[in-house]
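# Geometric and topological summary
The chain contents come next:
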Amino acid sequence: MQHHNRINHQGLPSTSGLTLPVIDPATGETFAQIARSNAQDVDVAVQGARACLQGPWAALDATDRGRLLMALSRRVSECASELAAIEQRDCGKPTQQARADVVALARYFEFYAGACDKLHGDTLPYRQGYTALSWREPHGVTGHVIPWNYPLQIFGRSVGGALAAGNVCVVKPAEDACLSLLRVSELMAEVGFPAGSIQIVTGLGHEAGQALCEHPGIDHISFTGSPRVGTLVQQLAAAHHCPVTLELGGKSPQILFDDAPVDVALGFVINAIVQNAGQTCSAGSRLLVQRQLYEPLMQRLGEAFGQLRAGPPEMDLDLGPLIRASQLERVVSMLDEARADGIVTAGQGVVVPQASARGFFHAPVLLRDVPPQHRIAQEEVFGPVLCAMPFEDEQEALALAHATAFGLVAGVWTRDGARQLRMAKALRCGQVFINNYGAGGGIELPFGGVGASGHGREKGFEALMGFTRLKTVAIRHDGI
Ligand code: NAD
């Protein structure tokens, strides 16, 4: 099947006529084609978005936008099974994960629907004879570059916030996973979003993605992806003075002190690295354990890893395949290197026999005593690999937590209330979870990183600050 771009609510092939294959990660088979768009296609999308911004979109007030987003949330929920099935095939997600992604998408639209008409300005204390005001205005046409790991969720948080704030959006999904977003854009047409308010242009990063980021008609870029491409996107945007929000990767620590509620923590520790086959920016990929707890925990966790199963998405096991062959190769080569350097495996799950040999499956792996400076403890594997290491005290836990270039998320497990606060204050990252991890998705909770994890915040009400710019107005009313 051939999928076209969605520009001005129409399905349009790339002007070049070129396409890209869509591969099922569970079988390695090509089952569809998408448009391989170029700079010309991006330009058509940006121009259409601009016309909408100045035309039908400008006629809507904040309450209208809220109603549209709420209608979209309902429509997404009505189409949940269909969207989950598309996402499952395209990304290889186990059934529960695919369904959870659709629930989150609907929730993002619901949250931002409610936020539209709550975003207001301020009056500022200023000199006698003046009144000073500030208010938030949309950037205009926003560009959104989306990765393949959670297409629906990242589309929801990025586009949901941007539309709520009054922008129109041009989206470049990842070449490995864009089918669900093409379908959502059809739903947006159905519920009444004006043509041009949501444009989807598929294609390769260095072609369509780059063309979007360097397009002078783009007023803000929201990029979610790797640190390497994030740096490039920022450079492209700088050339036309375009603000950028970067949501990049992480090497997030889960820190377990001796007094951790271990029985609760275990499930979270496993889920944080197994969910979506470890292809999660906020994956808890490093496990820091206080010395006294270390051996008993390695024992229990090793056994638990032995029970984990990877397999066909429709079997709905602990994890499905990785997204593509090169991602599987990356996981295998990083593990080979670690083992060649003497790093020991403390537990490993299985790939079930029903999994196709041509699918991109890898069993979850627990590595122990990983040297903090080893590549596998420093770089994102973006696969189901957990690196465990012991620590003696709070000071060392913090030093290890901060031993990578990243700073996205941290989990802290301790019953000591004073230590909870000390750690939350000291950790250099965007989110800290105490005695939990991820807080169930936390659509309401601002999310983003420091350092190589990026800058700017998405999710929650805070995201609307990034999708707007502040205007200050000072009115002199005395002595004129
Ligand atoms: P990637 O950086 O290769 O690709 C991300 C997106 O950028 C894709 O749509 C891709 O086509 C596009 N792109 C690639 N080259 C480009 C270019 N030259 N110009 C413009 N766009 C370009 O990353 P990926 O492999 O798709 O995703 C995995 C990475 O994303 C990991 O590092 C992961 O941690 C990160 N990630 C971060 C978050 C977050 O919120 N912090 C969420 C998901 C993924």
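Structural notes, computed from the coordinates.

Each value, and the rule that gives it
Residues numbered from 1 in each chain as written. Predicted model: local features only at pLDDT ≥ 70, side-chain atom pairs only at ≥ 80, totals over all residues. Heavy atoms only, no water. Helix = DSSP H or I, 4+ residues; strand = E, 2+ residues; numbered from the N terminus. Buried < 20%, exposed > 50% of the residue type's maximum accessible area, 1.4 Å probe, protein only. Contact = heavy atoms within 4.5 Å. Lys, Arg positive; Asp, Glu negative; His and termini not counted. Charge placed at Lys NZ, Arg CZ, Asp CG, Glu CD. Polar contact = N/O pair within 3.5 Å; in protein donor to acceptor, adjacent residues only side chain to side chain. Pairing = 2+ DSSP bridges. Near = heavy atom within 4 Å. Areas by Shrake-Rupley, 256 points an atom, 1.4 Å probe, with all protein chains shown as cover. Nonpolar A, V, L, I, M, F, W, Y, C, P; charged D, E, K, R; others polar. Domains from an automatic or database assignment. Core = buried A, V, L, I, M, F, W, Y, C linked by side-chain atoms within 4.5 Å.

## Digging into the overall build of the protein chain
- What the protein chain contains, in helices and strands, is 15 helices and 23 strands.
- The C-alpha extent of the protein chain, read off along each of the three principal axes, is 75 × 60 × 40 Å.
- Out of the 480 residues in the protein chain, the part that is buried amounts to 56%.
- Put simply, 75% of the contacts in the protein chain that link residues at least 6 apart link residues at least 24 apart.
- The positive charge centre, built from 39 side chains, and the negative charge centre, built from 47, are 4 Å apart in the protein chain.

## Thoughts on the side chain of Arg183
- By secondary structure assignment, the location of Arg183 is in helix α6 (residues 179–191).
- A relative accessible area of 17% means that Arg183 is categorised as buried.
- Among the polar contacts made by the side chain of Arg183, one reaches the side chain of Glu82 at a distance of 2.6 Å.
- With residues up to four places along the chain from it excluded, the contact list for Arg183 reads Glu82, Leu83, Ile86 and Glu190.

## Remarks on the sheet that holds strand β5 (residues 30–35)
- In spatial order, the strands read β1-β5-β4; together these three strands make up an open sheet with mixed pairing. Unpaired on one side and paired on the other, β1 (2–3) and β4 (19–23) mark the two borders of the sheet.
- One ladder, built from five bridges, connects β4 with β5; its direction is antiparallel. Across the sheet, the residue bridging to Pro21 is Gln33, located in β5.

## Details of the site of the ligand
- Taken together, 31 residues surround the ligand, and among them Arg157, Glu175, Ser226, Leu248 and Glu380 come closest.
- Arg157 is positioned with one of its side-chain polar atoms (N or O) 2.7 Å from an oxygen atom of the ligand.
- In this structure, Glu380 approaches the ligand through a side-chain N or O atom, which is 2.5 Å from an oxygen atom.
- In the complex, the protein chains occlude 92% of the 830 Å² of accessible area that the ligand would expose alone.
- Counting only elements with at least two residues in the shell around the ligand, the list comes to α5 (151–164), α7 (205–213), β11 (220–224) and α8 (227–238).
- Of the residues in the shell around the ligand, the class split is 16 nonpolar, nine polar and six charged.
- Three or more residues apiece are contributed to the shell around the ligand by two domains, here domain 1 (2–248 + 456–472) and domain 2 (253–442).

## Examining unusual backbone geometry
- The backbone of Asn8 shows a phi angle near 50 degrees, a positive value even though the residue is not glycine.
- Position of Asn8 among the secondary structure elements: in the loop between β2 (5–7) and β3 (10–12).
- Residue Asn8 is classed as partly exposed on the basis of its relative accessible area, which comes to 30%.
- We note that His9 has phi near 65 degrees; this positive angle belongs to a residue other than glycine.
- Here His9 is to be found in the loop between β2 and β3.

## Quick word on the nonpolar core
- Core analysis: the biggest nonpolar cluster contains 78 residues, and Leu69, Val76, Tyr112, Phe155, Val170, Phe193 and Ile221 have the highest contact counts within it.
- Tallying contributions element by element places helix α4 (residues 95–115) first for this core, with eleven residues.
- Sequence-distant contacts of Ile221, that is, excluding residues within four places in its chain, are made with Gly143, Cys213, Val233, Ala237, Cys242, Pro243, Val244 and Thr245.
- Residues Leu256, Val262, Ile270 and Met334 belong to the second largest nonpolar core, which totals 56 residues.

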